[in-house]
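Now for the letters of each chain:
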Amino acid sequence: MFTGIITGVGRIAALHALGSSLDHGRRLTLEAPPGYLDDVGLGDSIALNGACMTVTSLDLPQRHFTIDISAESLARTTGLADTGRRINLEKALRAHDRLGGHIVSGHVDGVGTVTRFEQVGESWELCVLAPPELGKYLAYKGSITVNGVSLTVNRISDSAQGCEFSINLIPHTVENTALGQLTAGSPVNLEIDTVARYVERMLSAGNLTPKDNHA
């Protein structure tokens with residue numbers, strides 16, 4: 001479980017195939033900020049651009065850790081297969097931690113596309129086109145996770161292509177996450193609000209027959 005509050009920005013240092021076919025995944029070696037891995041152990045969960053992964057090895061002197069990512073996860077996420085890319089990191093939530101963002105599972109629901117990323121006054125406006133199937137989960141002043149960052153939706157617009165939503169980023173967020181490297185056309189990982197997911201399920205379940213419920 002995560003909160004969408006980024007705790008560090010790392011870098012994909014190396015990428016190794018786990019097999020020779022497209023059915024095999026990759027092993028990622030990531031470089032973490034100084035001191036970031038001091039309280040991390042083997043088997044711990046760290047979200048990479050919003051995707052929950054398991055630490056499989058640690059090299060503290062080099063500030064490196066590795067994760068193994070399946071072909072399925074690679075196919076359903078973006079930004080996890082490019083050597084040298086800066087990447088948002090968040091360690092799993094502890095029971096005594098502050099819930100500074102919102103409840104984030106680290107399971108990517110879809111990949112969106114940046115349509116606009118420009119400075120407006122002292123802040124930045126980030127507009128993203130979400131896949132059509134995610135549009136029903138987006139609401140004005142609701143929460144959305146973009147590349148692992150918990151953000152608030154300021155505007156939504158539905159179309160046949162999907163649901164475009166707008167977000168305001170303060171300078172602190174741009175400077176302390178990897179969102180600052182985005183440009184129009186960049187793909188981003190999206191995770192919808194967990195509460196919205198359950199509300200949609202409860203509303204749709206009322207239209208199911210008993211046979212549907214046991215399918």
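Let me sum up the structure you'll find in this document. (Residues numbered from 1 in each chain as written. Predicted model: local features only at pLDDT ≥ 70, side-chain atom pairs only at ≥ 80, totals over all residues. Heavy atoms only, no water.)

A closer look at the overall build of the chain
Secondary structure summary: the chain contains four helices and twelve strands in total. The 215 residues of the chain split such that 40% are buried. When contacts within the chain are restricted to residue pairs at least 6 apart in sequence, those whose partners lie at least 24 apart make up 67%. If you sum the accessible surface of the chain, you get close to 11,300 Å²; carbon and sulfur atoms cover 52% of it. Mean positive and mean negative side-chain charge positions of the chain (17 and 23 charges, respectively) differ by 1 Å. (Helix = DSSP H or I, 4+ residues; strand = E, 2+ residues; numbered from the N terminus. Buried < 20%, exposed > 50% of the residue type's maximum accessible area, 1.4 Å probe, protein only. Contact = heavy atoms within 4.5 Å. Areas by Shrake-Rupley, 256 points an atom, 1.4 Å probe, with all protein chains shown as cover. Lys, Arg positive; Asp, Glu negative; His and termini not counted. Charge placed at Lys NZ, Arg CZ, Asp CG, Glu CD.)

Examining the nonpolar core
Considering soluble globular proteins, one finds that nonpolar side chains tend to be buried as a cluster. Membership of the largest hydrophobic core comes to 25 residues, with the highest contact counts inside it found for Leu-126, Ile-144, Val-146 and Phe-165. For this core, the secondary structure elements donating two or more residues are strand E7 (110-120), strand E8 (123-130), strand E9 (143-146), strand E10 (149-159), strand E11 (162-169) and strand E12 (187-192). With four residues, E11 is the single largest residue contributor to this core. Once residues lying within four places of it in the same chain are set aside, the contact partners of Leu-126 are Val-114, Arg-116, Phe-117, Val-146, Phe-165, Ser-166, Ile-167, Leu-169 and Leu-182. Counting residues in each nonpolar core, the second largest holds 18 residues, with Ile-12, Leu-37, Ile-67 and Ile-87 among its members. (Core = buried A, V, L, I, M, F, W, Y, C linked by side-chain atoms within 4.5 Å.)

Some details on the pairing of E12
Along any regular strand the residues' side chains alternate between the sheet's two faces. The buried fraction of E12 amounts to five of the six residues, a majority that puts the element mostly inside the structure. The pairing of E9 with E12 spans three bridges and is classified as antiparallel. Bridging from a neighbouring strand, Ile-144 pairs with Ile-192 of E12. (Pairing = 2+ DSSP bridges.)

Notes on the packing of aromatic side chains
Scanning the model with the defined rule gives one aromatic pair in all. Sitting over the face of the ring of Tyr-36, Lys-91 holds its NZ or CZ atom 4.3 Å from the ring centroid. (Phe/Tyr/Trp six-rings, centres within 6.5 Å; stacked < 30°, edge-to-face > 60°. Lys NZ or Arg CZ within 6 Å of the ring centre and 35° of its normal.)

Considering the pattern of salt bridges
Throughout the structure, instances matching the rule amount to twelve salt bridges. With its nearest N and O atoms 2.8 Å apart, the salt bridge here joins Arg-116 to Glu-118. Among the charged side chains, a salt-bridge network with shared partners connects Arg-116, Glu-118, Glu-125 and Arg-155. (Salt bridge = Lys/Arg side-chain N within 4 Å of Asp/Glu carboxyl O.)

Examining the side chain of Glu-125
If you trace the backbone, Glu-125 turns up in strand E8. In this structure Glu-125 comes out as buried when scored by relative accessible area, which is 18%. Of the polar contacts made by the side chain of Glu-125, one reaches the side chain of Arg-116; its length is 2.5 Å. Each residue touching Glu-125, except ones within four places of it in the same chain, is listed here: Arg-116, Phe-117, Glu-118, Val-120, Arg-155, Ser-166 and Ile-167. (Polar contact = N/O pair within 3.5 Å; in protein donor to acceptor, adjacent residues only side chain to side chain.)

Re the pairing of strand E4 (residues 51-59)
Here strand E3 (residues 45-48) pairs with E4 via four bridges, running antiparallel. When the sheet's bridge partners are listed, Ser-45 is paired in E4 with Thr-54. Hairpin remark: E3 followed by E4, antiparallel, with two residues in the connecting loop; positive phi at Asn-49, about 50°. In the sheet, E4 pairs with strand E5 (residues 64-69) via four bridges, with the strands oriented antiparallel. Of the residues in E5, the one forming a bridge with Leu-58 is Phe-65. Hairpin connection between E4 and E5: a loop of four residues separates the two successive antiparallel strands, and Arg-63 in this loop has a positive phi of roughly 60°.

Side note on the environment of Leu-18
Among the structural elements, Leu-18 can be located in the loop between strand E1 (8-17) and strand E2 (26-31). The class of Leu-18 is partly exposed, set by a relative accessible area of 38%. Sequence separation between Leu-18 and Ser-70 is 52 residues, and the spatial gap between their C-alpha atoms is 8.9 Å. Residues in contact with Leu-18, not counting those within four places in the same chain, are His-24, Gly-25, Arg-26, Arg-27 and Asp-68.

Quick word on the environment of Gln-62
Mapping Gln-62 onto the fold places it in the loop between E4 and E5. On the basis of relative accessibility, which here comes to 47%, the residue Gln-62 falls in the partly exposed class.

Purely spatial values, then, with no claim about function.
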